[in-house]
Amino acid sequence: MRDLTKANVTDAVLDKIADNTEPRVKEIIEALVRHAHDFIREVNLTPDELLHGARFIQAVGQISDDKREEGVLLGDVLGLSALCEILGDTVRAGATESSLLGPFYRDGAPDRQMEFDISLGDAAGDPAFVSGRVIDTQGDPLEGVVLDVWQVAPNAFYEAQVGQPDEYADYAYRGKFTTGADGRYWFRTRKPVNYPVPTDGPVGTILRGTGRHSWRPAHLHYLIYKNGYQTIQTELFNSDSEYLDSDAVFGVKESLIIPYTLNEDAEAATTHGFDGPFYEGVYDFVMKDDASAADAAAQYSQRASMSAD
Ligand code: BEZ
Ligand code: FE
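Novice: When you look at the layout of surface pockets in this model, what are you seeing that I'm missing?
Specialist: The method is simple in principle: a probe with the dimensions of a water molecule rolls over the atoms, and the space it marks as empty is what remains. For the second largest pocket, the calculated volume is near 510 Å³. If you list the elements that add at least two residues to the lining of the second largest pocket, you get α3 (47-62), α4 (70-77) and α6 (202-209). If you tally residues by element for the lining of the second largest pocket, the top one is α3, at seven residues.

Novice: Explanation requested: the site of ligand 1 in the structure shown.
Specialist: Within the structure, ligand 1 sits among 13 residues, and Asp76, Tyr195, Arg216, His219 and His221 are positioned closest to it. At a separation of 3.3 Å, an oxygen atom of ligand 1 approaches a polar side-chain atom of Tyr158. At 2.5 Å, a side-chain N or O of Arg216 approaches an oxygen atom of ligand 1. Burial of ligand 1 by the surrounding chains reaches 100%, relative to a free accessible area of 260 Å². Spatially, ligand 1 is embedded in the largest cavity. Looking at the shell around ligand 1, the elements that each hand over two or more residues are α4 and β7 (219-225). Along the lines of polarity and charge, the residues of the shell around ligand 1 split into seven nonpolar, three polar and three charged.

Novice: What exactly am I supposed to notice about the pairing of β7 here?
Specialist: Along any regular strand the residues' side chains alternate between the sheet's two faces. Counting buried positions over the seven residues of β7 gives seven, a clear majority of the element. Two elements, strand β2 (residues 146-151) and β7, share six bridges in a ladder whose sense is antiparallel. Its bridge partner lying in β7, Gln151 is registered against Leu220. Judged from the six bridges that link them, β7 and strand β8 (residues 232-238) form a sheet pairing that is antiparallel.

Novice: Sorry if this is basic, but what is going on with a nonpolar patch on the surface here?
Specialist: A contiguous nonpolar patch, built from Phe39, Ile40, Val43 and Leu50 and spanning about 340 Å² of accessible area, is present on the exposed surface. Looking at where Ile40 falls in the secondary structure, it is placed in helix α2 (residues 23-43). We classify Ile40 as partly exposed; its relative accessible area is 32%.

Novice: Honestly, the coordination of the iron ion (ligand 2) in this entry has me stumped. Any pointers?
Specialist: Between any two of four tetrahedral donors, the ideal angle at the metal is 109.5 degrees; between two of six octahedral donors, it is 90 or 180 degrees. Protein coordination at the iron ion (ligand 2) comes from Tyr158 (OH), Tyr195 (OH), His219 (NE2) and His221 (NE2), with a distance range of 1.9 to 2.1 Å. Here the iron ion (ligand 2) is ringed by six donor atoms whose angles at the metal span 55 to 165°, and the overall shape comes out irregular. All donors of the iron ion (ligand 2) belong to a single chain; written as a sequence motif, their spacing is Y-x36-Y-x23-H-x1-H.

Novice: Could you clarify how one ought to interpret the packing of α4 against α6 in this entry?
Specialist: Each pair of packed helices can be described by the angle between their axes along with the distance between the axes. In contact at an axis separation of 9 Å, α4 and α6 are set at 20° when each is read in the N-to-C sense. In terms of orientation, α4 and α6 fall into the roughly parallel class. Relative to α6, α4 is oriented so that their crossing is left-handed. Note on element contacts: α6 touches α4 through Pro202, Val203, Ile206 and Leu207, opposite Glu70, Leu73, Leu74 and Val77. Among the residues making up the contact of α4 with α6, the classes are represented as seven nonpolar, no polar and one charged.

Novice: How should helix α5 (residues 80-88) be read in this particular structure?
Specialist: At 3.6 residues per turn, the α-helix brings residues three or four places apart onto the same side. Along α5, the positions that sit buried rather than exposed are Ala82, Glu85 and Gly88. The buried residues of α5 all sit within an arc of 125° when viewed along its axis, so they share a single face. Exposed residues lying more than 90 degrees from the buried face of α5 are Cys84 and Leu87.

Novice: I keep staring at the packing of aromatic side chains and nothing clicks. Help me out?
Specialist: Here a ring pair, both rings aromatic, is described through the centre-centre distance and the interplanar angle of the planes. Under the criterion given, the structure shown has 13 aromatic pairs. Judged by centre distance (5.2 Å) and plane angle (85°), the ring pair of Tyr158 and Tyr195 falls under edge-to-face. Taken together, the residues span a long stretch of sequence, with Tyr158 in the loop between β2 and β3 (174-178) and Tyr195 in strand β5 (residues 195-196) at a distance of 37 residues. The pair formed by Tyr158 and Tyr195 is uniform in burial state, with each residue classed as buried. Taken together, Phe177, Tyr185, Phe187, Tyr222, Tyr283 and Phe285 form an aromatic cluster joined through their ring pairs. We note Arg106 situated over the ring of Tyr171; from NZ or CZ to the ring centre the distance is 3.9 Å. When the ring centre of Tyr279 is taken as reference, the NZ or CZ atom of Lys191 above it lies at 4.6 Å.

Novice: Even after reading the chapter, I still don't get the pattern of salt bridges, so can you show me in this structure?
Specialist: Oppositely charged side chains can form a pair if their charged atoms are brought close together. Enumeration according to the criterion identifies 16 salt bridges in this entry. Put simply, Arg92 and Glu85 hold a salt bridge, and the shortest N to O gap is 3.2 Å. As a salt-bridge pair, Arg216 and Glu235 come within 2.5 Å of each other at their nearest N and O atoms. Placement of the pair is Arg216 in strand β6 (residues 215-216) and Glu235 in strand β8, with a sequence separation of 19 residues.

Parameters and conventions
Residues numbered from 1 in each chain as written. Chains lettered and ligands numbered in written order. Predicted model: local features only at pLDDT ≥ 70, side-chain atom pairs only at ≥ 80, totals over all residues. Heavy atoms only, no water. 1 Å grid on protein atoms, 1.4 Å probe; cavity = no way out; pocket = protein on both sides within 12 Å on 5 of 7 lines; lining within 4 Å. Points joined across faces, edges and corners; volume = space filled by probe spheres on them. Helix = DSSP H or I, 4+ residues; strand = E, 2+ residues; numbered from the N terminus. Near = heavy atom within 4 Å. Polar contact = N/O pair within 3.5 Å; in protein donor to acceptor, adjacent residues only side chain to side chain. Areas by Shrake-Rupley, 256 points an atom, 1.4 Å probe, with all protein chains shown as cover. Sits in = over half its atoms within 2 Å of the grid points. Nonpolar A, V, L, I, M, F, W, Y, C, P; charged D, E, K, R; others polar. Buried < 20%, exposed > 50% of the residue type's maximum accessible area, 1.4 Å probe, protein only. Pairing = 2+ DSSP bridges. Patch = residues over 30% accessible without salt bridge, like charges linked within 9 Å, V, L, I, M, F, W, Y side chains within 5 Å. Salt bridge = Lys/Arg side-chain N within 4 Å of Asp/Glu carboxyl O. Donors = N, O, S within 2.8 Å, 3.2 Å for Na, K, Ca; no water. Tetrahedral: all angles 85-135°; square planar, octahedral: opposite > 155°, others 65-115°. Axes fitted to C-alpha atoms, helices over the stretch in contact; angles between N-to-C directions. Parallel < 35°, antiparallel > 145°, perpendicular 65-115°, else oblique. Left-handed = near helix turned anticlockwise from the far one by under 90°. Contact = heavy atoms within 4.5 Å. Arc of directions from axis to C-beta. Phe/Tyr/Trp six-rings, centres within 6.5 Å; stacked < 30°, edge-to-face > 60°. Lys NZ or Arg CZ within 6 Å of the ring centre and 35° of its normal.

See below:
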């Protein structure tokens, strides 16, 4: 029996992984072991520091529930989610770029008619009209595309967020819209605002402990799907946000930044049911066809409700 050394302990662990392990699992676990061991050697991690890390992970689990995914948030603030999305964008080249899902997506948002006010009549914040088209990579409009949208309320909380100080109705600031033959979508809302990611859990200790702020630039989230096309998971960012260059979770891409222009035309306001000037945001989404996305709705729903099993 050989003593384990700083150098050979890694191979001792790798040797334990059965050869018939599912290939992708094998690839991931082996790389995880190699990189984790290299990390410990690089920083000369002490047993107390390792224990501290284990308890940190425990705390991440303990604060999580069906309304709060601290593990997702941890990956977000460390840039892991952003990196995975960037890697995936090569597969999606030609389509609208992706961005983060975030921890506040809720499956099951109600279907709405175009023009619907997803704020459900909220009087706070600035009125906004959001519109555009969904087209394919040839520029032709796509019919029957579902746009599942969600955003923060003007009080800087999501409707279902833990600690939400106001009484928003279920699924306020959320809704699903389905395009007609012209590929167009349009809906009413309040202009998205900047908001901080939650810092009352273990992830907050990382941000505070490393001198980072917790703000995200104002944005609207979209999950866009249609059978036979790659699902788009993205966010559109307000061009006037002061946090575009310092998003706490690294989600901003140049192509996803849009201006909200003030429309002061009284007739347009009446047409859209506003009682005065309103902001307009316009964006066209490009979807790429993908034969493997035969049941896009089921695929996206499974992803959104993903558990660790
Ligand atoms: C969000 O945009 O909803 C979000 C994304 C990552 C972390 C926290 C919030
Ligand atoms: Fe968000």
